[in-house]
Structure formats: structure tokens, C-alpha cells
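# Close look at the chain arrangement
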Amino acid sequence: MNTHHIPSSKKRMSRRQPAEDTDQTGEARLLTVEHLRQVQDLITLLRKNNLTELEIEQQGFRVRLRYEVGVRPATGSLTDTAVVPPQGNQSLVKEATPSEEDTSGLVTITSPIVGTFYRSPSPDADPYVEEGDYVKKGQVLCIVEAMKLMNEIESETDGRIVKILAESTKPVEYGQPLFLIDPKARA
Amino acid sequence: MNTHHIPSSKKRMSRRQPAEDTDQTGEARLLTVEHLRQVQDLITLLRKNNLTELEIEQQGFRVRLRYEVGVRPATGSLTDTAVVPPQGNQSLVKEATPSEEDTSGLVTITSPIVGTFYRSPSPDADPYVEEGDYVKKGQVLCIVEAMKLMNEIESETDGRIVKILAESTKPVEYGQPLFLIDPKARA
Amino acid sequence: MFKKVLVANRGEIALRVIQACKELGIKTVAIHSEADSEALHVRAADEKVCVGPAEASLSYRNIPNVLSAAEITGVDAIHPGYGFLAENAHFAEVCESIGIKFIGPTSENIALMGDKAKAREIIAKRGLPVTPGSLGELRNEEEAMQAAKKIGFPVIIKATAGGGGRGMRVVNRAEDLSRAFQAAQAEAKSTFGHEGVYLERYFLEPRHIEVQVLADYRGHVIHLGERDCSIQRRHQKLVEESPSPAVDDKLRRELGRVAIEAMKAVHYRNVGTVEFLLDKERNFFFMEVNTRIQVEHPVTEMVTGIDLVKEQIRLAAGYPLSIRQQDVVMTGHSFECRINAEDPEKFIPCPGRVTKYRAPGGFGVRVDSAMEPGATVVPHYDSLIAKLITHGKDRQEAIARMRRALGEFVIEGINTTIPLHQKIFDDVDFQKGHVSTTFLDQLLAP
Amino acid sequence: MFKKVLVANRGEIALRVIQACKELGIKTVAIHSEADSEALHVRAADEKVCVGPAEASLSYRNIPNVLSAAEITGVDAIHPGYGFLAENAHFAEVCESIGIKFIGPTSENIALMGDKAKAREIIAKRGLPVTPGSLGELRNEEEAMQAAKKIGFPVIIKATAGGGGRGMRVVNRAEDLSRAFQAAQAEAKSTFGHEGVYLERYFLEPRHIEVQVLADYRGHVIHLGERDCSIQRRHQKLVEESPSPAVDDKLRRELGRVAIEAMKAVHYRNVGTVEFLLDKERNFFFMEVNTRIQVEHPVTEMVTGIDLVKEQIRLAAGYPLSIRQQDVVMTGHSFECRINAEDPEKFIPCPGRVTKYRAPGGFGVRVDSAMEPGATVVPHYDSLIAKLITHGKDRQEAIARMRRALGEFVIEGINTTIPLHQKIFDDVDFQKGHVSTTFLDQLLAP
């Protein structure tokens, strides 16, 4: 099942961070896929047994794991939860969002309401913005129609539209990312 | 709930055996499946004995485990399996078995059948053996009565009776340890 | 029949509705807040829409977002469950106006029954028994005092817009009336946004008896017998059963007749519940109508074999009642325990991560729950996490089964009310059926 | 009533019996092998005794150890469940001789019905319909050929001590008889320790219909209607239902009458099942009697509301039947799916650790299982890990409910037969009730 909406980029970054950390630590020895799998196994062991610390050293390779209370995110990224088979549960967000690297430093404009996304004020009008356009804070980026009302969504920042993440005339849900804006880009 | 019986000491030894074996094989790989199993065994050891820390080093292989009390809820922290509330589930083995250190190198004589344990051939006779006695392989140590039949249990080894683990006239289950014998002790 | 239904709720009742839809071959859309994106009800549905942040007023109670979700997913109907928008007449009205069927009674039914004082007035005018008390809203303290003196103390002051024990005050003596009147008005205002109150005679150790009613669009109305909800803590139901040990066949027929007449008087549609108070002399009095599927509906399902949620959907789709009154047979006895994520002694909600979860099974045991191992009980909503329901050939077997099932239920990581339920079901008076709405307070008294 | 019962079994049926005992206020003793020391049935009991190593012949089937466990724990009675010692006449006899009640029929009942050829003979002599075939054991090939020619091919050769599809051979032509006879004898010998075989007419696409019977020590016998167990794979039942879509009220009365007469003929006691074969013209023939509580007993419980395991215990304790035949009412429809830890296509057992487990719930859904998250399915025993049972007001609702519940069932870490069950319940012929014992082979044919 796809995630149906994406939390703010900050949250996502904190979840992914460890991946980069581990890449850097592998200086003395190149970490293989096998190594990572084993470390994962050790983590599983640690968690399964409610340990707070686990350290292993062998032939110059040392792994030390620590678990501090309250550090872990509420919804475990290693999903302990039982999952009902998908059975075609559809998310409104069909595509995967861009990877972490792309969004760091970017501002995500999300939909504040549930409705239908329109890039232009009327079917025969030009879109409010295109990818690559420079926008000003407060400039209208799109419309989300809900309950027959057209809600204009404004940019939260000056910057350049890096990516338009939703498709015109398609439904969007609360919190769904609509635009990626690079606030550092200047025209 | 207490463990209700202990496997024969041979089995226990064979379970530990791989610890040494795999050290030799684990040269190319960091950790083998066997290693993980051993770490799990160590964790079990740590928790069964209510230790907070355990560190082992052998031929370049070092394991350190820490468990902090009060970090997790106490209920069921020792088992992964969901536990039905005890409700007075009684085990035939009331006492905790001697700790690991005591039994290393000792031979455990277990009950081969379910029945009632008797230390003497009749109520007014002397016990077959007492703690501290030296026994010969094949010597009768006790009787386990089952189905009105008196089954004589013989010693599997020469040695000295270190401890008698069951109480006379009390029921014993299959595999329940009855005697600890030190096979190295000579009269 | 509907092709696709949006379930405007969460937790066990959302899953319950999704299960009913699946069995009817209807597609489902789940809505959820940001706090519930991983919840089981969301994964069980065919589609899902995030409608807002964790706060219910901004998500599950957010009418524009819920209706937009219904529109963009193209559903025919919305099932509101209980709580949230279930008894919101405005929401039901907007649904009707935009051509999305609200699975429940008409908005007029909801509006009328939402005004408890008005409802009492209508029922009393039909000559049906209501609790002695004021008719209509009390305009001031003087009116309250007049009414109280007429019926005699003790009296209970209730919010006309009330429910769930909020805005209620018991008054034992005339000199306490003024303060209680003001306090009840203030609580009613802050909780329901409307300060209107009324008063009734306060009965000592009454039973809370309610009658389940089904009504179709042709005006046919039947009842499915009663539920006894006397085990309450601060007007919050904890254990329900059907049938009531205090109701015999004759009284059941009488309760059913009055309930049907009351519902016909207000042109009620879909499922609803008529609540009565039963005193020690087995006199019963109309209290109010609940215009929703209720938390405790399973006990009625267990004894009648009728799937109330499916029936609710069928009725909303315009089908006539599939059962006649004479076909309704109550077989055996059923109990429901509400398992809440609460400290069982202090009743403080206990959110957190469920580390272990295994529901009991076997013959005569039903569990309605959206819990699972690893799930998180979030602090934003109701603390109800599971309903444990048993059925037996008689009350004794249903009790024995509940005691067995409570012992099997494994929920770790959070506190639950399971120990309290065990205490209740171990109690000899409870086992004999000698209970009233004050039972639990007495059981818990130090 | 008994004070303490030893449950001489494991898995779901051990838990089922423990649940029944708890509801009757009876203490329980679990036995277990070394492989099952952490099993749920062990933790659910009041006491427990390890009776041997993993191999069933040294633990669960180890009569001296099981009886010693009963003696040292001081139980009044032993419940054998199904399999293991349940149909061991010697075990039942020893129990009787040492004054421990065997919860099941008499050892004579078991011994007689264990000899399938003998049982046929007795029933036929009473003028009741048995499948056309040899009466009594076949002494040699010549006798087999004579019998086969008399009734006409195809015929099926069966072990007199048989069960579960072992020792069976279908013979289509006279020239194949000799080889099949020898093969069946050899298989009977190796499986049951007795080479005796008999033969019957082999019916094409018959239904497997069985009637549940209860008998007390006063000689009163009643039946609880039929179960249809036609969904089989190599004579192993996979799905059962009650009532059978092929049986109407008239046929049910007739089947019930014959079943009761057969049981009375052998002075049967306690619960038992009379198996019939129903041909396309709705002629029925006695096949055999199962002298135990059966795996599929829950579907009968669901439609009759009668707890068969409790009834079994009550009858063994000497209580008379609590129900009269005219009080037995079958309400609605029930299905059972046997969820096995097997590859759903190749049917190879799949032991291992269950990483995730969440059973479905809600109205009309029952799960009998001793599984739990983190449990290990050990390779030493039967692969049945859960029975998923649904009940609905009619066959259609029970099917819809099963499809819904199968979709909700989460078992990870091992393969199960859930996908196969989904395929069966999605099949249009199955939904219409057009099935026979060859249905599954046809469904699975490439």
C-alpha cells in the first residue's frame, strides 16, 4: 500500500538520517550488503529482547547498538504492526515523492483541505505557474475546489517552482504535497 | 511461569557446542547465522539470570550486552510471545534450577518418564543415595513410579552426587532433572 | 444498493462498518487524520483520504473536508458511525442536499431528538410515560424550583443538548438547586454550546434499559428487544447485556410497543434506540432517543442474529424492512465489555504503543476491535479500543464465557479496563443480575 | 461434575477443551511434549506436565506417560481431543480400569467402530442403508473379485482400520483389482498395523454428509443435523458447512433417524458422528462412525447454539441429555475453513515462526486457534493451525462473511492455505452449492 500522504519534509528527514550515518562509519572496512543485513539482524535482536545496548566485535569489526527510551518514533519504521493484505487500497498519491536529497532545503506546499486540484482558474485559462517559474510569497499557485468553493492556494515563500507534484483536475487530500519550491533560488 | 523441565545436560551441551565451532568458520563473514543464534542464547542467559550487563570475549570475538531495568514495562519482558495471565498455572518444578555456573561439567540425571519420585525402595527403607555420596555407573539412584510400576533410575556415570533436585513422594514430569552428579569427583 | 460508501469514523466502528460493506459487496472509503494514517480501519478500506490533523474538530468532525473527501471519491453514501458527526443534524442535512445519502435517520429526526426537552414534550403529549419532570427547557431558576417542588426531591438537571453524562447535576435539597442549576447551565454551554437545561425526578438505583428500533421509509417500525446498560461509571456505560434480567416477556412487549409508538410519533427512519429508565417497581419512563448505531449494538445482534449495520445500510438505501416483528426471536444471552485504554482504577486514559495483542476466540466469543500488535493508541480520541462480546444459551453461560474470555485477552504496553471487567463479572450480585446504575460506584467504593 | 480434567492433546482442540472446562468451572491439566513447552494450550491450563520428547509416539501418544500425568495430578477425567489417543480403544479401556473417566464413548464403542468392515455389517443387518460392497473383511483377492463383480466397477478398497484417506484405492477395471488390493493391504498394514481391507461401490461425485449425534448413559440419542464435508483434497477435509445445501428438511429427518438407529444399535454413548455418502439421486449410504469430537464440530455449534464440548463433558460425567430432539433448532448457516500451515498450491507442510498474527473478528466470525504472534509451528504434528468459522442468517451471508474474514486474517512468517480458501469461496459453483468430493481436484486441475 502506498502512503497516502507525506508528512512534512522535516519529519521524513529525521527518519532517513541513519542511512547516511552508517555509510560514513564504514571507513576502515567497506560495508557490504551482507554486513548491513547483519546489523539489521542485530537491531532486530536488540529490539526483540528489549535491550538497551548491544556491542559485538570480531576481527576488528565492532558494532555497538544502543536504545534510548523515548528516542524512537511512535510509529516504528521497522513496522512491527501486522498489516492487512492491501486488497487494492488506493491512495490519492499515486507516485512516490522525490527522494530526500531532492527536497532538503526546499519548501513543500501542501493542500490545507481535501478537494480537487486545478492548476488554472478555468479550463481554457493558462496555468497559474509552471515548473521553473519564479514566484513571490502570497502569489496564487493553484486552486483546490471543495464544496463548490474555489480555494486559492498561495505560495508561502519567494522562490522557484522545482516540481509540481499533483495533477490538474485530480483529487488531493489533506496535507498532500502540491509544489516543491526552492526558496534560495532568485530570479 | 517457571520452565517446567530442563533438557538433558547432553542436549544442553550440544546446543552450546557451535559457539566454539563457528569461531573457526567465521573468517570471511562478519557474523554467521550461528553467531546470531549464540547472541540470542547469551541474551536469554542474561535475562534468565536478571543480569544488567554481560560481556564475553573469546578469540577476537567479543559480545557485550546491557539491559536496563525499568526501561520497559516489566510484564512479559522476558518473552516475545503473548502471555495468557498465569492464573495459577503450576509447574511440577517448583524451585529454580541451579545457575549455569554450578552445572558446568556436571551430569544431570533426568526422569525418563512421568511419575512419582521415591528416594528409597520402601517408606521405611533408607534412601538409595544421599548428597555427597559417590556412585558408580549403573547404580540405582531412585525409583519413579508410574502405572503402579516401580522404575529404577540408574546413574549414567561414575561420580559424586552434588545435588538431589526432586523431593521424595512428589510427582516428576518427563525430562525433569533429578540429580546433579560430578563425574570428575573420585572417592 | 450503494456502490461505494465513505466511513466517516475511525477505530472499531469504522472497521465494523467496512466489514458490513464488504459483506454486502460495497466498496469503502476510509477517512483519517494524520495521527491515524497507519490505522487498521484505513488499511481495511478500498480507498482512503486524509482529512486533517490529529484534532478531531479539524479532521473527523471537519464537515467541509469530510464532504470533499466524499465528493472526490465519488461515494453514494456516508456512514457516520457513532460520535463525531453521527448526531449532527446539519451534517446530515448537507449530505442530503448534495445528493449523498446519510446512513442514519433524517436530519429532522436528529434535530428533534437532539433537543432532549422537546423530545420529552412530544412523547408526553402522546400519552407515553416520561420521567416526571419539567416539559420543555427551563427558562430560569424560578421555573426550575417550581418544577422540582412539584415532583419532589431528589431531582436531576440535564442539558437539553446533552449526552454522555455532561451537563448533569443531581439535587437533593431545595437549597442546593440554585447553585446546581447555574453549574449545569455553564457546563452545558461549554460542552454543547447551548445552555438549555431541564429537570427530572432522580431515581435511586434505577436500571438503564434501551430498546433497539428499526424503521423503513414506508413507515414500518419494529423493535429488537432491549439492552440493559445499568453498569455505568459517571453515566458512561461499561457493560451491556441483552436481554435484561429485569425484563420479562410481558414487560418486553410493553417496552417495545411504547418504543415503536414513540418512533412513529416522530416519523423516525433507519435504526435508533429508545432509552428508558426502569425503577424498582418496574415502572418505566421514556428518557431519550439515540439517533445512531450504538456502541453496544452487538449484544442485540448476538441474541437476534440480525446484522444491525447491514440492516442500517439497507434501510438507508431504501429497502423495506426484511423482518417482521413476529419473526424477531431472541435466543440466549449476550454481554459486551467495553475495553478502554484506561487505568482500571483511576480511569485515566492511557495512550501508548500496544506491544502485545491477542484477542480471545472460540465458541460464543466476538471481538470488535481495530487493535493489532504494534498499534498505537493515540491520545486524541475516545479510549475505547475493543469490545469483547460473548453469547451463551443463557445468562450464566454468557457470564462464564466472558470470564474465560477476559482471562485470555492479552493487551500489553498500555493499561486497560480488563481487570475492572473481571471484578464486575466475579461479583455475586452482578452474577445474579441484581444491579442498577449505582452498582459500579458501590463496587468501586473503598 | 468433574473437578479436574487432563487434556491429552495440543493445539486448537486442547485450547478448545480448556475453554469449555473453564466455563464449566473445572480445573485443567495440560500435557505437552518438549517441543510444545511454550505453547498457548500449556499456558492456558491450570497445571501442566511434560510427557515426552517431540515425537508424538513418545509423548502425546505415550499411554503410560499420559496416564501417569493423570495420576500424579489427580484428575477425574481425561479429554482426548481428536487424533492421538482419541480413538484408541485400549487407552479408553485402561482409563476406565483405573477409575479415570475417558471423555468419549465406551471402549467397546471405539473398538467396534474402529473395525469399519464390522461396523458396516452390523448396520446392514439392522436393515439400514450401507454402501453396496463387501460385508466384513475381505480374506483374499478372490473374495474381493467376487464382491467387486457383484456390485460392479468402479469400486473403492478401504482399510478396515482406516481413516484420513490412508489405505484407500479406487479400482476402475477388473484387471486392476489384484494390484490395488495388494497395495491397499500393504498401506493399511504400514499405516494402521492391520492389513484388513473391504470394498464398496465407488460413487462418482458423491457428497460427504455426516450427522452429529449425542447419546447419554440412559440410552437417549438425539441428532444435531448434518454437516457437509464434500470439499476435500485426497480425502482430507478442508471446508465444512452446516446445513448441507443438498439436504432438505425431509432428508434431514431421514438421515437423523438412520443415524440415531445406527447409534442405538451399538449402544453408543457420548458424542459421535455418523458418516454418509450422498449420491446425485440423493440416496444415502452409511459409511462409518467417528467416535470422537470432530475437527469440524464448530459449524454444528454455530447453527444449533449447543456447545458440543461442554455437552460431551456433561454426558461423560453421567448427566442426562439436556436437550430433547424437538428442541434442536438449526438457525442460519455456518462454514469452517481449516487453515493449515501448508503451501497453498503444493500442500507441503510449512513449519516455522509466525512473525505476525491477527485473527479476524466482528459479527458472525469465530476463530479456534492456539496461534499467537511469535509462536512456532513445529514440524512434528498436524499442520492445522486455525479454524476460521463464520455464521450468517443464510448461506449467502455466511459465504460473504467468510470472504471478508479470510481477507482480514493476517498470518506471516509461514505459508498457509488461506489463498486456497479464498479461491474456493470465490468460485461460482461453490457459491451455488454445486459441489462434490471431487470439486477441489477439479478446481485445482491445471
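To be clear, the structure that these remarks concern was listed above.
Everything quoted here is computed from the prediction, not taken from an experiment.

In this section: the overall build of chain C. Across its full length, chain C carries 15 helices and 20 strands. Compactness check: chain C gives a C-alpha radius of gyration of 21 Å against a globular reference of 22 Å for 446 residues, within 12% of the reference. Along the longest, intermediate and shortest principal axes, the C-alpha atoms of chain C span 60 × 50 × 45 Å. Of all 446 residues assigned to chain C, the portion counted as buried reaches 66%. Carbon together with sulfur atoms contributes 48% to the accessible area of chain C, which is approximately 15,700 Å² in total. Taken together, the 57 basic and 60 acidic charged side chains of chain C have centroids lying 2 Å from each other.

Residue and element names in this part refer to chain C. Enumeration over the complete set of coordinates arrives at 24 aromatic pairs over all chains. Centre to centre, the rings of Y60 and F84 are 5.0 Å apart; their planes meet at 15°, and the pair counts as stacked. Of this pair, Y60 sits in the loop between β3 (47-52) and α3 (63-73) while F84 sits in the loop between β4 (77-79) and α4 (89-97), and the two are 24 residues apart along the sequence. Note on Y60: relative accessible area 0%, which makes it buried. Residue classification places F84 among the buried residues on the basis of a relative accessible area of 16%. Ring pairing ties together the aromatic residues F335, F425, F430 and F439, which thus form one cluster. In this structure, R233 packs its charged tip against the face of F347, placed 3.6 Å from the ring centre. Its end group placed over the ring of F430, R395 keeps NZ or CZ at 5.4 Å from the ring centre.

It is worth spelling out the sheet that holds strand β1 (residues 4-7) of chain C at this point. Residues and elements named next belong to chain C. Reading across the sheet, the five strands line up as β3-β2-β1-β4-β5 and stay open at both edges, with parallel pairing between neighbours. Two strands lie at the open edges of the sheet, namely β3 and β5 (101-102), each paired on one side alone. As paired elements, β1 and β4 share three bridges and run parallel to each other. Within β4, the residue paired with L6 across the bridge is I78.

Let us now look at the relation of the copies chain C and chain D. Mapping chain C onto chain D calls for a screw motion: a turn of 180° about the axis and a shift of 0.0 Å along it, with 0.0 Å RMSD after fitting. Both chain copies can therefore be described as sitting about a two-fold axis. Comparing contact sets, 100% of the residues at the interface of chain C also lie at the interface in chain D, consistent with an isologous, same-surface contact.

Right, let's get into the sheet that holds strand β17 (residues 365-369) of chain C. Residues and elements named next belong to chain C. In space, the eight strands of this open sheet follow the order β13-β12-β9-β10-β11-β14-β19-β17, with antiparallel pairing throughout. The sheet is open, and its two edges are formed by β13 (284-290) and β17, each paired on a single side. In this sheet, adjacent strand axes meet at a mean angle of 25° when their direction is disregarded. Examined bridge by bridge, strand β14 (residues 333-340) and strand β19 (residues 384-392) share eight bridges and lie antiparallel to one another. Each bridged residue has a counterpart across the sheet, and for S334 the counterpart in β19 is H391. Its contacts with the sheet place helix α10 (residues 297-304) against β9 (207-215), β10 (221-233), β11 (236-242), β14, β17 and β19, and it is angled at close to 155° to β14. Those strands touched by helix α12 (residues 395-408) are β11, β14, β17 and β19, and its axis lies near 140° from that of β19.

Here we take up the pattern of salt bridges. With the rule as written, the count across this model stands at 91 salt bridges over all chains. Between D327(C) and R324(C) there is a salt bridge, and its shortest N-O distance comes to 3.2 Å. Linked by salt bridges that have partners in common, R16(C), E23(C), E301(C), D307(C), K310(C), R366(C), D368(C), K393(D), E397(D), R401(D), R404(D) and E408(D) make up one network.

A few words now on the state of the cysteines. Residues and elements named next belong to chain C. Counting across every chain of the model gives zero disulfides over all chains. C229 takes part in no disulfide bond, and the closest cysteine sulfur, belonging to C337, lies 13 Å away. Take C229: its relative accessible area is 0%, and that puts it in the buried class.

Quick look at the pairing of strand β12 (residues 270-278) of chain C now. Residue and element names in this part refer to chain C. Across the nine residues that make up β12, a large majority, nine, are buried. Here β12 pairs with β13 via six bridges, running antiparallel. Considered in β13, the bridge of T273 is made with N290. A loop of five residues connects β12 with β13, the two strands running antiparallel in sequence, and R282 in this loop sits at a positive phi of about 60°.

Moving on, we get to the pairing of strand β7 (residues 149-154) of chain A. In this sheet, β7(A) lies alongside strand β6 (residues 140-146) of chain A in antiparallel orientation, the contact comprising six bridges. When the bridges of β7(A) are listed, V140(A) appears paired with E154(A).

Attention shifts here to the interface of chain C and chain D. On the chain D side, the residues contacting the 32 residues of chain C number 32 residues. For the pair chain C and chain D, the two sides together bury roughly 2,400 Å², of which 50% comes from carbon and sulfur. Looking only at chain C, the three residues that lose the most surface to chain D are E23(C), R358(C) and F363(C), adding up to 31% of its buried area. Our enumeration of links across chain C and chain D arrives at eight salt bridges. Salt-bridge contacts for E397(D) lead to K310(C); the nearest nitrogen and oxygen are separated by 2.7 Å. Where the side of chain C that touches chain D is concerned, the elements lending two or more residues are α1 (11-24), α10, α11 (308-316), β16 (356-358), β17 and α12 of chain C. Residue composition of the side of chain C that touches chain D, by class: eleven nonpolar, five polar and 16 charged.

What follows concerns the packing of α12(C) against helix α1 (residues 11-24) of chain D. Across the interface, α12(C) lies against α1(D) with an axial gap of 8 Å and an inter-helix angle of 125°. Looking at the two axes, α12(C) sits oblique to α1(D). In this structure, the crossing between α12(C) and α1(D) has a hand that is right-handed. Packed against α12(C), whose contacting residues are A400(C), R401(C), R404(C) and E408(C), the element α1(D) presents Q19(D), K22(D) and E23(D) at the interface. When the residues that make up the contact of α12(C) with α1(D) are grouped by side-chain class, the tally is one nonpolar, one polar and five charged.

Turning our eyes to something else, we now look at helix α12 (residues 395-408) of chain D. Since the α-helix packs 3.6 residues into each turn, any two residues three or four apart lie on the same face. Residue and element names in this part refer to chain D. Here α12 spans 20 Å end to end across 14 residues, near enough to the 20 Å set by a 1.5 Å rise per residue. α12 sits mainly inside the fold: twelve of its 14 residues count as buried. The complete set of buried residues in α12 reads R395, E397, A398, I399, A400, R401, M402, R404, A405, L406, G407 and E408.

This paragraph deals with helix α3 (residues 63-73) of chain D. All names here are of chain D. Counting buried positions over the eleven residues of α3 gives nine, a clear majority of the element. The set of residues buried in α3 consists of I63, N65, V66, L67, S68, A69, A70, I72 and T73. Looking at where α3 begins, the residue whose side-chain oxygen comes 3.1 Å from the main-chain nitrogen of N65 is N62. Just downstream of α3, G74 is the residue with a positive phi angle, here 65°.

Relative to the helices and strands, R207(D) is located in strand β9 (residues 207-215). Separated by 3.4 Å, the side chain of R207(D) and the backbone oxygen of V435(D) make a polar contact.

What follows concerns the packing of α1(C) against α11(C). Residue and element names in this part refer to chain C. The N-to-C vectors of α1 and α11 enclose an angle of 65°; their axes lie 9 Å apart at closest approach. Relative to α11, α1 is oriented roughly perpendicular. Two packed elements cross with a definite hand, and for α1 against α11 that hand is right-handed. Of the residues in α11, those in contact with R16, V17, A20, C21, E23 and L24 of α1 are L308, V309, K310, I313 and R314. Here the contact of α1 with α11 is composed, by residue class, of seven nonpolar, no polar and four charged.

The next thing to look at is empty space enclosed by the protein. Per the counting criterion, the structure on display carries eight cavities of 30 Å³ or more. Considered as a void within the structure, the largest cavity measures approximately 320 Å³ in volume. In terms of lining residues, the largest cavity is bounded by 27 residues, among which A359(C), P360(C), V367(C), A359(D) and P360(D) are the most central. When contributions to the lining of the largest cavity are tallied by element, the ones reaching two or more residues are α1, β16 and β17 of chain C together with β16 (356-358) and β17 (365-369) of chain D. With five residues, β17(C) is the largest single contributor of residues to the lining of the largest cavity.

Another aspect to go through is unusual backbone geometry. Cis peptide bonds are those with omega within 30 degrees of zero, and the linkage from F153(C) to P154(C) qualifies with 0°. Here P154(C) lies in the loop between α7 (141-151) and β6 (155-159). Of note, the bond from S242(D) into P243(D) is cis; its omega dihedral lies within 30 degrees of zero at -5°. Following the sequence through the fold, P243(D) ends up in the loop between β11 (236-242) and α9 (249-265). Phi at F84(C) is positive, roughly 45°, even though this residue is not glycine. Even without being glycine, H235(C) reaches a positive phi, approximately 65°. The topology assignment puts H235(C) in the loop between β10 and β11.

Rules used in this analysis
- Residues numbered from 1 in each chain as written.
- Chains lettered and ligands numbered in written order.
- Predicted model: local features only at pLDDT ≥ 70, side-chain atom pairs only at ≥ 80, totals over all residues.
- Heavy atoms only, no water.
- Helix = DSSP H or I, 4+ residues; strand = E, 2+ residues; numbered from the N terminus.
- Rg over C-alpha atoms; globule rule 2.2 N^0.38 Å.
- Buried < 20%, exposed > 50% of the residue type's maximum accessible area, 1.4 Å probe, protein only.
- Areas by Shrake-Rupley, 256 points an atom, 1.4 Å probe, with all protein chains shown as cover.
- Lys, Arg positive; Asp, Glu negative; His and termini not counted.
- Charge placed at Lys NZ, Arg CZ, Asp CG, Glu CD.
- Phe/Tyr/Trp six-rings, centres within 6.5 Å; stacked < 30°, edge-to-face > 60°.
- Lys NZ or Arg CZ within 6 Å of the ring centre and 35° of its normal.
- Pairing = 2+ DSSP bridges.
- Least-squares fit on C-alpha atoms with pLDDT ≥ 70 in both.
- Contact = heavy atoms within 4.5 Å.
- Axes fitted to C-alpha atoms, helices over the stretch in contact; angles between N-to-C directions.
- Salt bridge = Lys/Arg side-chain N within 4 Å of Asp/Glu carboxyl O.
- Disulfide = S-S within 2.5 Å.
- Buried area = accessible area lost by both parts, 1.4 Å probe.
- Nonpolar A, V, L, I, M, F, W, Y, C, P; charged D, E, K, R; others polar.
- Parallel < 35°, antiparallel > 145°, perpendicular 65-115°, else oblique.
- Left-handed = near helix turned anticlockwise from the far one by under 90°.
- Expected span 1.5 Å × (residues − 1).
- Polar contact = N/O pair within 3.5 Å; in protein donor to acceptor, adjacent residues only side chain to side chain.
- 1 Å grid on protein atoms, 1.4 Å probe; cavity = no way out; pocket = protein on both sides within 12 Å on 5 of 7 lines; lining within 4 Å.
- Points joined across faces, edges and corners; volume = space filled by probe spheres on them.

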